[in-house]
Amino acid sequence: MNPQNPRTDLDPRYSDATADPAPWAEAEALLAAAEVFWLTTVRPDGRPHVTPLIAVWSEGALHFCTGPEERKARNLEGNGSVVLTTGTPSLGGGLDLVVEGEAVRVTDDDRLAALAGAWVEKYGEEWRFEVRDGAFLGDGGTALVFAVAPRTAFGFAKGDPFGQTRWRF
């Protein structure tokens, strides 16, 4: 399946009769603009772990970073399956997004340098990183960078009309 043109379905069970599926281009624009995401990983004992973080949408994937000793990094050592969510805190409008995929470590220095630039562009100078030894290096120390290309994504349109879109890649 083409990541630029995923299979798109509107689930009639959770959508108003007048709803249309949300276009993937709209979801991509929202992923690029969103400032805060919630990352769900799985602990070794199977319990979920959820934490807010910032992320950058680039080349068809969400990218986030974390310290190697943080809970999420330790969870990813054993299970790369993740969910990232973002949206609005309102029922009256907006599109909430859920991205399911596999977190894959990014270690290529050229790619990391491009991502470091994207962090500064999106979040400002306080998020400037150096690239060293296949990771980001900043005021907080070393940060591992992960890419999550959507395997499946969901869009929950709120307001009038409500709708649930699923994109399969």
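Each value, and the rule that gives it
- Residues numbered from 1 in each chain as written.
- Predicted model: local features only at pLDDT ≥ 70, side-chain atom pairs only at ≥ 80, totals over all residues.
- Heavy atoms only, no water.
- Buried < 20%, exposed > 50% of the residue type's maximum accessible area, 1.4 Å probe, protein only.
- Helix = DSSP H or I, 4+ residues; strand = E, 2+ residues; numbered from the N terminus.
- Pairing = 2+ DSSP bridges.

> It is not clear to me how the pairing of strand 2 (residues 37-42) should be interpreted in this structure. Could you clarify?
Successive residues of a regular strand alternate their side chains across the two faces of the sheet. On strand 2, burial follows the alternation: Phe 37, Leu 39 and Thr 41 on one face are buried, whereas Trp 38, Thr 40 and Val 42 on the facing-out side are not. The hairpin turn running from strand 2 into strand 3 (residues 48-53), its antiparallel successor, is five residues long, and Gly 46 in that turn takes a positive phi close to 95 degrees. Across three bridges, strand 2 lies against strand 6 (residues 81-86) in antiparallel orientation. Residue pairing across strands places Thr 40 opposite Val 83, the latter belonging to strand 6.

> Teacher, can you tell me more about unusual backbone geometry here?
In this structure, the amide linkage connecting Asp 160 to the following residue, Pro 161, adopts the cis form with an omega of 5 degrees. Within the element layout of this structure, Pro 161 appears in the loop between strand 10 (141-157) and strand 11 (163-168). One non-glycine residue, Glu 59, lies in the positive phi region at around 50 degrees. Mapping Glu 59 onto the fold places it in the loop between strand 4 (56-58) and strand 5 (61-66). Phi at Asp 133 is positive, roughly 55 degrees, even though this residue is not glycine. Tracing the backbone through its elements, the reader meets Asp 133 in the loop between strand 8 (130-132) and strand 9 (135-138).

The quantities given are spatial measurements derived from coordinates; they are silent on function.
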